[in-house]
Amino acid sequence: MRAKKFSQNILPLLACVPLFSWPLQCSTQMVGVIPASLAPPGKCGSQQFLDIGSGGCRSCAPNQMKSPDGLRCVCAARTNQRPSPPPPLPGDCRGCTLWESLFLDASFLACNNTCNETACQLLANLVTLEVSSLNNRAYDLYTKTKSPDLPKLWYGGTETSFPQVSFRKNSQIRLQVTKYDVRGNFLGWEAVSGETLQLCPDSQNVLEAAFVFGTSYSQSCSLETSYLLHRDPEPTFYELFLQYEDDKGNVHWWPVPVENPAISSSAPGMQSSWGFRRFFLVDGLSGRKQNLTNPPETVTFATELLLSVYLPTGSPGNHPPLLLTVKYAKQGSPGIVQASFSVTYIQDPGTAQRDTDIAFGVLGSLAVLYALLKVSSWARRSRLQNVNLMIVVKFFAYLAGSLANVFFLLTVGIGIYWLIIFKGQQFSAVEVTLPPAGGPIETRFIVYVLCALVLKILDLAHVLITQLTASVFFIDWEKPKERGLQRNPKGGDLRATSSVSAWRTFLIANEWNELQTHRKLSPSLQLFATLLLLEVVGLKNLASRDLNVNLQPGSEAHLAPWSPILRFGIAASVWLAVGIVQVVISVGLYERFVEDKIQQFTDLCSLSNVSVFILMHRCYGFYIHGRSVHGHADVSMDTMHSYLQREEENLCPLRGLEANSDIQTFEVLLTDRTRALYDRINLPLVEAPRRTQIRSSVWDQRLRSYHALNHFLASFLEHRYTDMDYVVKDKFLLERILDVEFQEPGDVSVLYSDQSALFGRALFYNHELTLLFFEALVFCAVDLGAQDFVLAITVTFVVQKLVQILREALGKRNLAEKTLVENQFLI
């Protein structure tokens with residue numbers, strides 16, 4: 001039946017081609033007036049054609065008539081024309097398909113010698129079927145055809161100018177196609193709908209989303225060749241047009257060029273062109289062998305269609321506003337094929353990358369200067385005069401932290417910038433699009449995020465090492481009421497014992513141990529609130545590659561692909577916003593009106609008559625003055641209550657280190673001599689073995705070292721050493737801001753008044769920003785790799801717990817080594 005159908009339509013053509021050099025007598029039925037339903041949408045008359053370039057109607061010349069598609073004029077049938085001999089047929093048809101061997105020469109003769117426009121269309125279709133190269137017989141015959149009716153296969157660079165068209169949010173890209181069957185018959189104009197150009201089946205809402213302006217679209221699937229042949233039993237050829245309106249509301253059509261990457265741009269006839277005119281989707285005809293009724297052995301199909309939209313469309317540059325790229329593939333039948341249809345938006349990056357590089361250069365330079373300032377301050381606090389390896393290591397540690405913040409803030413800024421610029425086009429013409437997926441800008445952005453994560457891991461490791469190697473000692477101010485004698489359990493002489501209880505020191509040590517991982521925000525609440533806002537509220541939907549800002553899209557709505565830049569911007573912004581809100585509420589409300597554990601610890605030290613001496617660096621640290629104003633703290637409940645009553649009634653001195661001062665926390669900057677004596681006294685305490693059972697002599701040595709260090713620090717703070725004295729000062733404003741000391745300490749130690757509880761730097765408490773950035777980077781990096789916020793939250797929770805457990809375990813060990821409080825007493 002199919003062979004009969006083909007022959008019935010093409011035999012009239014062949015009957016017009018004699019074996020001699022006489023022209024074909026064409027039937028007026030093939031070139032008659034086009035029915036109104038097939039004409040392009042316009043008001044051109046029957047003898048007028050639509051001029052795409054100007055958008056107006058132009059009359060055909062004498063002996064011409066409007067072409068079937070209504071876009072040009074073709075010759076009318078003329079029976080009194082003197083025939084001219086046709087050019088000789090070039091070569092044979094070796095390697096031709098069955099379809100070409102039957103109709104290629106006939107279409108060439110009919111088109112070249114007559115006014116048969118249908119034969120010319122058939123010849124153009126045969127050239128279009130050659131998808132891999134122009135080095136073939138069909139194109140050779142096409143170039144030798146001299147008929148004015150021969151349709152052009154390419155759009156010339158000067159044939160028509162680019163339109164100045166603009167789109168708004170959710171505007172439809174109105175596309176029209178002219179359709180031709182495989183025999184060259186014009187099938188009419190058709191508005192492009194969801195399934196017109198897409199081989200993958202899906203719901204109408206999803207397919208139509210491809211042509212919503214501003215929506216990056218991608219649809220791919222696996223199909224059987226039988227499905228393709230059922231969809232398109234015969235090849236249908238398309239020419240694509242953009243329909244738009246000018247400022248006056250007049251409708252225009254602009255031809256959309258088609259690119260076939262397999263055909264070299266240096267091929268003859270394409271040197272001054274910027275795109276093909278014609279394309280097809282499925283060709284099951286060229287793969288038929290021996291007989292047209294046989295099933296095809298191979299199927300040629302459009303495996304990838306990419307509609308590129310170049311922005312801004314209202315200011316055409318070197319690229320056309322729209323470009324359709326068609327990649328073809330050939331598959332044996334039966335078989336499984338891959339097909340895809342995508343819409344992408346492309347824009348000249350302009351100065352975006354340059355601005356990013358400038359910002360990184362400026363901020364990176366500031367980071368280097370900040371690292372130099374920090375390492376210089378560390379060297380002064382460590383009393384180092386010459387540059388050594390440790391100073392270099394410290395410089396790179398501080399530099400890693402500074403650069404991590406630069407990378408993180410830069411990427412967050414980029415994400416928020418694109419979110420505002422792209423999603424903010426709700427009521428104006430769309431002129432900005434996101435950087436292309438997988439492009440250099442997006443790739444470099446992901447590299448920035450990974451660099452920030454790696455550097456922040458190094459920064460956190462530096463913070464942990466500094467805290468876990470800090471020297472902590474609890475100074476017990478309690479004076480013994482009486483001294484007794486106790487016999488050594490191992491035998492031997494009696495030794496003096498103190499009536500001062502150790503439980504107060506154990507209490508302070510346990511409270512300090514609990515505070516080591518205390519933070520200004522709740523990590524669990526941070527994870528829960530972030531996941532709630534992103535998944536339940538739906539803020540994650542703002543990261544889609546379209547202009548929609550709907551947080552709760554319907555179940556049947558098309559979900560555009562995610563943008564890594566927008567996704568990072570949304571995730572990081574939500575994480576930081578939740579963290580900042582938590583910190584503000586915690587510091588501004590909760591700690592002020594409910595509970596301030598840092599201040600409570602200072603009060604507990606005063607009640608326990610125990611001070612805390614912390615050295616973060618060799619000669620720099622913090623001091624919490626906990627000496628009781630009542631002289632004793634190892635008292636009964638009634639006595640303690642009376643002490644508190646006297647303080648409430650202002651019947652006793654203030655708790656501060658100095659007279660008439662209530663400042664109890666200080667920054668400490670020791671001299672070399674003071675630190676050297678501290679180390680000499682503390683050496684037996686630090687180097688003693690830490691086994692479960694130790695010899696009595698070793699224990700006695702450690703105990704003597706503990707009492708000696710306690711006496712030394714107490715005497716130092718009471719100004720008993722004239723050669724190792726100290727002064728109390730206030731830092732200048734710039735010193736407090738930069739966290740440095742510009743004043744030369746001289747031969748005396750300095751205690752800087754601290755009303756901000758800076759001793760929290762020995763805890764997690766004053767490193768909230770570092771922890772917040774680290775967890776945000778872990779969360780965002782996992783999400784960029786997995787595209788799953790739930791998984792990212794889970795991984796971040798595990799990392800949080802691991803860091804907390806590590807800090808607690810090693811901090812507890814360090815505390816036991818430095819304070820003589822055994823591990824089993826740190827609950």
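For the structure, check the block above.
Only a predicted model underlies this, so the values are computations on that prediction, with no experimental measurement involved.

Section: the overall build of the chain
Moving on, step 1. Counting its secondary structure elements, the chain contains 19 helices and 25 strands.
Moving on, step 2. The buried share of the chain, taken over its 827 residues, is 51%.
Moving on, step 3. Within the chain, counting contacts between residues at least 6 apart in sequence, those at least 24 apart form 72% of the total.
Moving on, step 4. Per element, the accessible surface of the chain, about 39,100 Å² overall, is 57% carbon and sulfur.

Thoughts on the nonpolar core
Moving on, step 1. Among the nonpolar cores identified, the biggest contains 151 residues, and Leu175, Leu242 and Phe279 are the most heavily contacted of them.
Moving on, step 2. The element best represented in this core is helix 8 (residues 389-423), accounting for 16 residues.
Moving on, step 3. Residues Ile508, Ile598, Tyr620 and Ala816 belong to the second largest nonpolar core, which totals 31 residues.

Thoughts on empty space enclosed by the protein
Moving on, step 1. By the definition in use, this model includes five cavities of 30 Å³ or more.
Moving on, step 2. Put simply, the largest cavity is a space of about 150 Å³.
Moving on, step 3. Thr128, Asn260, Ile263, Phe276 and Arg278 are the residues nearest the centre of the largest cavity, which is lined by 16 residues in total.
Moving on, step 4. Broken down by secondary-structure element, the contributors of at least two residues to the lining of the largest cavity are helix 3 (117-128), strand 11 (258-259), strand 13 (278-280) and strand 16 (322-332).
Moving on, step 5. Listing elements by their share of the lining of the second largest cavity, those giving two or more residues are helix 9 (440-468) and helix 19 (789-819).
Moving on, step 6. If you tally residues by element for the lining of the second largest cavity, the top one is helix 19, at four residues.
Moving on, step 7. In the lining of the second largest cavity, the residues fall into six nonpolar, four polar and one charged.

Comments concerning the layout of surface pockets
Moving on, step 1. Here the second largest pocket defines a volume of roughly 920 Å³.
Moving on, step 2. At the level of secondary structure, the elements contributing two or more residues to the lining of the second largest pocket comprise helix 7 (352-381), helix 8, helix 9, strand 22 (620-624) and helix 18 (768-786).
Moving on, step 3. Looking at the lining of the second largest pocket element by element, the count peaks at eight residues for helix 7.
Moving on, step 4. Class assignment of the residues belonging to the lining of the second largest pocket gives a composition of 13 nonpolar, 11 polar and seven charged.

Brief notes about the packing of helix 7 against helix 8
Moving on, step 1. Closest axis-to-axis distance for the helix 7/helix 8 pair is 8 Å, and the angle between their directions is 150 degrees. In terms of crossing hand, the pair formed by helix 7 and helix 8 is right-handed.
Moving on, step 2. Looking at the contact of helix 7 with helix 8 residue by residue, the class counts come to 21 nonpolar, three polar and two charged.

Concerning helix 4 (residues 137-144)
Moving on, step 1. Buried residues of helix 4: Arg137, Ala138, Tyr139, Leu141 and Tyr142, and no others.
Moving on, step 2. Between the side-chain oxygen at the start of helix 4 and the backbone nitrogen of Ala138 there is a gap of 3.3 Å, and the oxygen is on Asn136.

Some remarks on the pattern of salt bridges
Moving on, step 1. Tallied over the full model, the rule gives 32 salt bridges.
Moving on, step 2. The salt bridge involving Glu775 is made with Arg519; its shortest N-O contact spans 2.7 Å. Taken together, the positions of Glu775 in helix 18 and Arg519 in the loop between helix 10 (503-515) and helix 11 (523-536) put the pair 256 residues apart, joining distant regions of the chain. For the residue pair Glu775 and Arg519, the accessibility class agrees, reading buried in each case.
Moving on, step 3. Lys731 is the partner of Glu667 in a salt bridge, and the nearest nitrogen-oxygen pair spans 3.1 Å.

A few points about unusual backbone geometry
Moving on, step 1. In this structure, the amide linkage connecting Leu311 to the following residue, Pro312, adopts the cis form with an omega of -5 degrees.
Moving on, step 2. Here Pro312 is to be found in the loop between strand 15 (298-311) and strand 16.
Moving on, step 3. That bond from Ser333 to Pro334 is cis: its omega, 0 degrees, falls within 30 degrees of zero.
Moving on, step 4. Relative to the elements of secondary structure, Pro334 occurs in the loop between strand 16 and strand 17 (336-347).

A look at the packing of helix 9 against helix 12 (residues 564-593)
Moving on, step 1. The geometry of helix 9 relative to helix 12 is characterised by a closest axis approach of 10 Å and an angle of 35 degrees between their N-to-C directions. Across the interface between the two elements, Glu442, Phe445 and Val449 from helix 9 touch Pro564, Ile565 and Phe568 from helix 12.
Moving on, step 2. Considered class by class, the residues forming the contact of helix 9 with helix 12 number five nonpolar, no polar and one charged.

Some points on the packing of aromatic side chains
Moving on, step 1. Counting across every chain of the model gives 35 aromatic pairs.
Moving on, step 2. Each ring, one from Phe779 and one from Phe789, has its centre 5.8 Å from the other, and the planes form 20 degrees; the classification is stacked. Taken as a pair, Phe779 in helix 18 and Phe789 in helix 19 lie far apart in primary sequence, 10 residues in all. Neither residue differs from the other here; Phe779 and Phe789 are each classed as buried.
Moving on, step 3. It is Arg567 that lies over the ring of Phe789; its NZ or CZ is 4.1 Å from the centre.

Quick word on the environment of Gly631
Moving on, step 1. Note that Gly631 resides in the loop between strand 22 and helix 14 (637-648).
Moving on, step 2. Residues Gly631 and Asn609 lie 22 residues apart in sequence; the distance between their C-alpha atoms is 7.9 Å.
Moving on, step 3. Residues within four places of Gly631 in sequence aside, it is in contact with Glu478 and Asn609.

Re the state of the cysteines
Among covalent bonds in proteins, the disulfide is the one between the sulfur atoms of two cysteines.
Moving on, step 1. Within this structure, the stated rule accounts for three disulfides.
Moving on, step 2. In this model Cys111 forms its disulfide with Cys120; the gap between the sulfur atoms is 1.9 Å. Of note, the bridge from Cys111 to Cys120 carries an S-S torsion of about 95 degrees and is right-handed in sense. Grouping residues by exposure puts Cys111 and Cys120 together as buried.

Re the side chain of Thr517
Moving on, step 1. As for its position among the elements, Thr517 is in the loop between helix 10 and helix 11.
Moving on, step 2. Among the polar contacts listed, one links the side chain of Thr517 to the side chain of Glu808, at a separation of 3.2 Å.
Moving on, step 3. Here Thr517 is in contact with Phe764, Gln804, Arg807 and Glu808, once residues within four sequence places are set aside.

Brief notes about the pairing of strand 8 (residues 217-224)
Every regular strand shows the same layout, with side chains that alternate between the two sheet faces.
Moving on, step 1. Only one face of strand 8 is buried, namely the one carrying Tyr217, Gln219, Cys221 and Leu223, since none of Ser218, Ser220, Ser222 and Glu224 on the opposite face is buried.
Moving on, step 2. Taken together, the eight bridges between strand 8 and strand 17 define a ladder with antiparallel strand orientation. Counterpart to Leu223 in the pairing with strand 17 is Val337.

Quick look at the sheet that holds strand 22
Moving on, step 1. The mixed open sheet is built from six strands, whose spatial order is 18-21-22-23-25-24. Since the sheet does not close on itself, it has two edges, and those belong to strand 18 (471-476) and strand 24 (726-729), each with one partner. Direction aside, neighbouring strands of the sheet carry axes that sit 25 degrees apart on average.
Moving on, step 2. In this structure, strand 18 lies alongside strand 21 (residues 610-615), joined through six bridges in antiparallel fashion. Bridge pairing in strand 21 places Ile475 opposite Ser611.
Moving on, step 3. On the sheet, helix 13 (residues 597-608) packs against strand 21, strand 22 and strand 23 (665-669) and is oriented at approximately 125 degrees with respect to strand 21.

Things to note about a nonpolar patch on the surface
Moving on, step 1. On the surface, Ile358, Val362, Leu363, Leu366, Val368, Leu369 and Leu372 cluster together to form a nonpolar patch covering roughly 590 Å² of accessible area.
Moving on, step 2. With respect to the helices and strands, Leu372 occurs in helix 7.
Moving on, step 3. Looking at Leu372, the relative accessible area reads 42%, which means it is partly exposed.

Cut-offs used in this document
- Along each chain, residues carry numbers from 1 onward, in the same order as the chain's sequence is written.
- Totals for whole chains, interfaces and linings use every residue, but because this is a predicted model, local features are given only for residues with pLDDT of at least 70 and side-chain atom pairs only at 80 or more, for both listing and counting.
- As a rule here, side-chain values come from all non-hydrogen atoms in the structure, and water together with hydrogens is ignored.
- The helix and strand labels rest on DSSP assignments: H or I over at least four residues marks a helix, E over at least two residues marks a strand, and numbering proceeds from the N terminus.
- The buried label applies to any residue whose accessible area, calculated with a 1.4 Å probe on protein chains only, is under 20% of its type's maximum; exposed applies above 50%, and partly exposed to all values in between.
- Whether two residues touch is decided by their heavy atoms; if any such pair falls within 4.5 Å, the residues are in contact.
- Using a 1.4 Å probe, accessible areas were evaluated by the Shrake-Rupley method; residue-level cover was limited to the displayed protein chains.
- The set of buried Ala, Val, Leu, Ile, Met, Phe, Trp, Tyr and Cys residues whose side-chain atoms join them within 4.5 Å is what this entry labels a nonpolar core.
- Here a cavity is any set of points on a 1 Å grid over the protein atoms alone where a 1.4 Å probe fits but cannot get out, and a pocket is any open set with protein on both sides within 12 Å along at least 5 of 7 lines; a residue lines the site when it has an atom within 4 Å of a point.
- Grid points are joined across faces, edges and corners, and a volume is the space filled by probe spheres set on the points.
- Only Asp, Glu, Lys and Arg are considered charged, only Ala, Val, Leu, Ile, Met, Phe, Trp, Tyr, Cys and Pro nonpolar, and every remaining residue, Gly among them, polar.
- An axis is simply a line fitted to the C-alpha atoms; with a helix, the fit covers only the stretch in contact. Between two such axes, the angle follows the N-to-C directions and lies from 0 to 180 degrees.
- Each crossing is labelled by how the near helix is turned from the far one, with a counterclockwise turn of less than a right angle marking it left-handed and a clockwise turn marking it right-handed.
- Each polar contact in these results corresponds to two N or O atoms within 3.5 Å; when the atoms are within protein, one needs to be able to donate a hydrogen and the other to accept it, and residues that are neighboring in sequence are counted only if both atoms are side-chain atoms.
- For salt bridges, the criterion is a side-chain nitrogen of Lys or Arg within 4 Å of an Asp or Glu carboxyl oxygen.
- In this analysis, rings of Phe, Tyr and Trp, with Trp reduced to its six-membered ring, are considered paired at centre separations within 6.5 Å, and the interplanar angle assigns stacked below 30 degrees, edge-to-face beyond 60, and tilted for intermediate values.
- Placement of a charge over a ring requires the Lys NZ or Arg CZ to be within 6 Å of the ring centre, with the centre-to-atom vector within 35 degrees of the ring normal.
- The disulfide criterion is simple: two cysteine sulfur atoms within 2.5 Å.
- In this analysis, strands are considered paired if DSSP registers two or more bridges between them.
- Within the patch definition used here, like charges are joined within 9 Å and nonpolar side chains (Val, Leu, Ile, Met, Phe, Trp, Tyr) within 5 Å, considering only residues with over 30% relative accessible area and no salt bridge.

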